[in-house]
Amino acid sequence: MEHTPKDPSQVLGWGVDADPKNDPTYPMKHRTDGEHAGYSWGRPPRQPPTVEVLHSIERSDLTSAFGTSTPPSGASGALRRFAFQYSESSYGHWLPLMLADRVGVAEGVLNDLKNGRVPNVLAERGWKAEWKHDRTGLVRRILVRGILFSAAVAYFRGKSTDSR
Amino acid sequence: MLAMNYRGPHRVRIDHKPVPEILHPQDAIVRVTRSCICGSDLHLYNGSVPDTRVGMTFGHEFTGVVEQVGPGVEKLKVGDHVLVPFNIACGTCVFCQQGLYGNCHESNPQATAVGGIYGYSHTAGGYDGGQAEYVRVPYADVSPAVIPEGMDPDDAVLLTDVVPTAFQAAEMGGIQTGDTVVVFGAGPVGIMAARCAWLFGAGRVIVIDCVDYRLDFARTYAPCEAYDFRSLEDPVVFIKGTTESLGADVCIDAVGAEAAGSALQTVLGRKLLVQGGSATALHWAINSVKKGGIVSIVGVYGPVGTHVPIGNVVNKGITLRANQASVKRLLPRLIEHVQNGILDPKALITHRIPLEDVSDAYRIFSAKLDDCIKPVLMPPSARS
Ligand SMILES: NC(=O)c1ccc[n+]([C@@H]2O[C@H](COP(=O)([O-])OP(=O)(O)OC[C@H]3O[C@@H](n4cnc5c(N)ncnc54)[C@H](O)[C@@H]3O)[C@@H](O)[C@H]2O)c1
Ligand SMILES: [Zn+2]
Ligand SMILES: [Zn+2]
């Protein structure tokens, strides 16, 4: 409470954008009904596709400009192509895409290895920053995971001796 | 060139990539001078945005110098130092014509539900972003703005997203003079939204978060009341209690998909990823606003169904307003506010990190280490 300025009008800029008409509880769009004349516009020049670009089935074609980052490839690419048979309104679209993202991570590691590079996962996860700024948290996490892991190993070892 | 490279959830690194080329007559190539990491990037970093492909470069908040322009670019000149709004907008489609620059119909083939955004997965157009030395800027004459004489580049880079998003959050709240406004989230966007609520004439501004240093920052910067939801038994009851049992006039969700505070939402939305994120803050916003009140959502969620108490929206007659910020529409007013000293965005920047250390920068921002509010990545050429 003590942080509320007693008189808000003392706050720098108070009320400079006040707009009593901006009350969206009531209709607010300034209607010209121009839209009803039809949705058409002079489309910008079209970017020539140089890589495979998937497009939502909720539209008829590519947009005039688009990104060309990381075109679909491999197994994740096949999943993405499959996903784009379904609309944005369908789990058939989003769930395969999420799966493709996970498959893509594994493909990324394989690609790194193929290029003679072992990904430095610790560095990628920014553990240097954690070591510097949150050493106790980091150590605690490693310990907890270590204990859980050893417990699991011990448990399954026990099980396999039991069954023998 | 050096560019951030996404390798999977929580794994990003710096790599070499080819310098981008002009692919469309209205493209420009920009040499980046500053590039921020945003709360929105954390949704990608955590792996919760579908169609986030390994190898992509993130970054939608950047400034840079124009190095090259396509034959269709008339206004921007080589050498201009520009701030580049995060929305990629054609300026001619029916949505752009209405000022909905975040909803352009000519910049994202992969999804009709959102316009193109730099470095924001293929669900937002498949563009490589600005956490790199160079970036391709489509429709270069539409959104990018030359940084005004005398403006600090740190202020400029925050005008590409944080400030307009926060301002629009307050604007969509339809704040009336004297209103009580509750902002969920004390990240850069929430803090700035609390600051902007005053500009619309709020009578009382309350921020809710669970990170002490951010609450402290909000208290002095906005300035406003700020509370840790972990110390409130139930934030909804707290807000009712402090508003004569009526609820706030306006609630703003400046948290989005990574919200903490509810085990169920966390499991469904952040661990299993079966809903479009954890909607805890939105849930609280809907339940804390008064009847007939307004909930303004700028927090970002994924595209699939998400648990929210929609029945209460109906029964309370709540108006929900939400969007990706329309940066170009708001820029003239916000540049004025910065130039007149009404808004001081650069004060949010707590960390200036070499682009090469991008892995650590993501960790610092996402784990909220070292009292980080807003980190900005500095490419080598901008440091000399
Ligand atoms: N609509 C747009 O145009 C737009 C633009 C930029 C950012 N965003 C979104 O705005 C949101 C905030 O961005 P940011 O950069 O400030 O992110 P941030 O991650 O730095 O901040 C989010 C804050 O919310 C807090 N929080 C978590 N759970 C909470 C809860 N239940 N209640 C209250 N606070 C809670 C966190 O502790 C954190 O401080 C993100 O979802 C981001 O994607 C939207
Ligand atoms: Zn952003
Ligand atoms: Zn458009």
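Residues numbered from 1 in each chain as written. Chains lettered and ligands numbered in written order. Predicted model: local features only at pLDDT ≥ 70, side-chain atom pairs only at ≥ 80, totals over all residues. Heavy atoms only, no water.

**Things to note about the coordination of the zinc ion (ligand 3)**
Residues and elements named next belong to chain B.
Moving on, step 1. Here the zinc ion (ligand 3) is held by Cys90 (SG), Cys93 (SG), Cys96 (SG) and Cys104 (SG), and the distances to it run 2.3 to 2.5 Å.
Moving on, step 2. For the zinc ion (ligand 3), the four donor atoms in the first shell make angles of 100 to 118° at the metal, so the coordination geometry reads as tetrahedral.
Moving on, step 3. Mapped onto the polypeptide sequence, the residues donating to the zinc ion (ligand 3) form the spacing pattern C-x2-C-x2-C-x7-C. Highlighted residues: cysteine 93 in the loop between strand E6 (87-88) and helix H2 (94-97) and cysteine 104 in the loop between H2 and strand E7 (116-117), separated in sequence by 11 residues.
Moving on, step 4. Overall, the relative accessible area of 4% leaves cysteine 104 in the buried class. (Donors = N, O, S within 2.8 Å, 3.2 Å for Na, K, Ca; no water. Tetrahedral: all angles 85-135°; square planar, octahedral: opposite > 155°, others 65-115°. Helix = DSSP H or I, 4+ residues; strand = E, 2+ residues; numbered from the N terminus. Buried < 20%, exposed > 50% of the residue type's maximum accessible area, 1.4 Å probe, protein only.)

**Here we look at the sheet that holds strand E11 (residues 204-209) of chain B**
All names here are of chain B.
Moving on, step 1. Read across the open sheet, the six strands follow the order E12-E11-E10-E13-E14-E15; overall the sheet is parallel. The sheet is open, and its two edges are formed by strand E12 (225-228) and strand E15 (319-322), each paired on a single side. Neighbouring strand axes in the sheet, compared pairwise and without regard to direction, differ in orientation by 20° on average.
Moving on, step 2. Looking at chain direction, strand E13 (residues 248-253) and strand E14 (residues 289-297) are connected through five bridges and run parallel. Bridge pairing in E14 places valine 250 opposite isoleucine 294.
Moving on, step 3. Its contacts with the sheet place helix H4 (residues 162-172) against E13, E14 and E15, and it is angled at close to 155° to E14. (Pairing = 2+ DSSP bridges. Axes fitted to C-alpha atoms, helices over the stretch in contact; angles between N-to-C directions. Contact = heavy atoms within 4.5 Å.)

**Digging into the domain arrangement of chain A**
It is common to give the size of an interface as the accessible area lost on bringing the parts into contact.
Moving on, step 1. Domains assigned within chain A are domain 1 (52-62 + 71-119) and domain 2 (121-164).
Moving on, step 2. Look at where the C-alpha atoms of domain 1 of chain A and domain 2 of chain A centre, and you get two points 31 Å apart. (Domains from an automatic or database assignment.)

**Side note on the nonpolar core**
Residue and element names in this part refer to chain B.
Moving on, step 1. Residues Leu159, Phe184, Met192, Val207, Ile208, Val295 and Leu343 are the most contacted members of the largest nonpolar core, which totals 113 residues.
Moving on, step 2. In terms of residue count, helix H5 (residues 188-199) provides more of this core than any other element does, nine residues in total.
Moving on, step 3. When residues of this core are assigned to domains, at least three map to each of domain 1 (2-161 + 326-383) and domain 2 (162-322). (Core = buried A, V, L, I, M, F, W, Y, C linked by side-chain atoms within 4.5 Å.)

**Comments concerning the coordination of the zinc ion (ligand 2)**
Residue and element names in this part refer to chain B.
Moving on, step 1. Within the protein, Cys38 (SG), His60 (NE2), Glu61 (OE) and Asp161 (OD) serve as the donor atoms for the zinc ion (ligand 2), at 1.9 to 2.3 Å.
Moving on, step 2. Classification of the site at the zinc ion (ligand 2) rests on its four donor atoms, whose angles at the metal span 91 to 138°, yielding the label irregular.
Moving on, step 3. Within one chain, the residues donating to the zinc ion (ligand 2) are spaced in sequence as C-x21-H-E-x99-D. You can see glutamate 61 sitting in the loop between helix H1 (39-45) and strand E4 (62-69) and its partner aspartate 161 sitting in the loop between helix H3 (153-158) and H4, a full 100 residues away along the chain.
Moving on, step 4. Glutamate 61 sits in the buried class, given a relative accessible area of 0%.
Moving on, step 5. Of the residues examined, aspartate 161 reaches a relative accessible area of 5% and is grouped as buried.

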